[in-house]
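# Coordinates in review
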Amino acid sequence: MSILVQPMQLDDEQAVKRAIAKFESLLGTSLSCLNPINMQQASYESFFKNFKRQLSISEIKPSKAFFAAMGEVFISIPLFRLGLYKYFPQLKNYMEKISTHCDFHKYDDTLRMVINCSEREHRALVAYLESEYEQQQIFFGVSASDAAQMTCHVESIADGEHLHFIDGSDGGYAMAAVGLKNQRLAAQQ
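Residues numbered from 1 in each chain as written. Predicted model: local features only at pLDDT ≥ 70, side-chain atom pairs only at ≥ 80, totals over all residues. Heavy atoms only, no water.

On to the packing of helix 1 (residues 13–27) against helix 5 (residues 119–134), then. For any two helices packed against each other, one specifies the crossing angle of their axes together with the interaxial distance. Taken N-terminus to C-terminus, the directions of helix 1 and helix 5 make an angle of 150°; their axes are 10 Å apart at the nearest point. Relative to helix 5, the element helix 1 is oriented roughly antiparallel. The two elements helix 1 and helix 5 cross, and the hand of that crossing is right-handed. Every residue of helix 5 that contacts helix 1 at Arg 18, Ala 19, Lys 22, Phe 23, Leu 26 and Leu 27 is listed here: Glu 121, Ala 124, Leu 125, Tyr 128, Leu 129 and Glu 132. The residue makeup of the contact of helix 1 with helix 5, split by class, is 8 nonpolar, no polar and 4 charged. (Axes fitted to C-alpha atoms, helices over the stretch in contact; angles between N-to-C directions. Helix = DSSP H or I, 4+ residues; strand = E, 2+ residues; numbered from the N terminus. Parallel < 35°, antiparallel > 145°, perpendicular 65-115°, else oblique. Left-handed = near helix turned anticlockwise from the far one by under 90°. Contact = heavy atoms within 4.5 Å. Nonpolar A, V, L, I, M, F, W, Y, C, P; charged D, E, K, R; others polar.)

Here we come to the nonpolar core. Within the largest apolar cluster, 37 residues are counted, with the highest numbers of intra-cluster contacts made by Ile 3, Val 5, Phe 23, Met 113, Ile 115 and Leu 129. Every element with two or more residues in this core is listed here: strand 1 (2–7), helix 1, helix 3 (64–81), helix 4 (89–97), strand 3 (111–114), helix 5, strand 4 (138–143) and helix 6 (172–188). Considering each element in turn, this core owes the most residues, 5 residues, to helix 1. Not counting chain neighbours up to four residues away, the residues in contact with Ile 3 comprise Phe 23, Leu 111, Arg 112, Met 113, Ile 115, Leu 125, Leu 129, Gly 141, Val 142 and Tyr 173. (Core = buried A, V, L, I, M, F, W, Y, C linked by side-chain atoms within 4.5 Å. Buried < 20%, exposed > 50% of the residue type's maximum accessible area, 1.4 Å probe, protein only.)

As structure tokens, this is what we get:
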């Protein structure tokens, strides 16, 4: 579930603190335990799908650096897909610590979260968010999905040298933003 929460009064940090406390209460656990990333259940896209995506986003068309990066992907996919990383201590450590390097929640002027929750918990969270919106405390947007997707920036597999950006599949934050923007527009009228 991708969630966006923005206080109606942008300087009202208490609204976000209340939302986090209520989320933890409804879900029965702390925010840090809501990470949707479970590497034991992860699936990996094929080499060809990664190659095609890399071609579409690369500013520089195929070059030595491009093929070096794709070589890393070519080696990485079977290592992770087949669980072979377990035989390499540095890779095993990397895999065990990925969840601590994920940005599944963040706050600037908007609380952004991707969490793992049941349908019942989803309904409870939405009911809470709707009540806060009706009381003119927050704007919010949510998007349910059956999986999270992770985009990785890896300088090195050493701790602190990799970052994993989390979003809900099927649009995630972008779909949640539609709901939030619609609420903001309705409030301006």
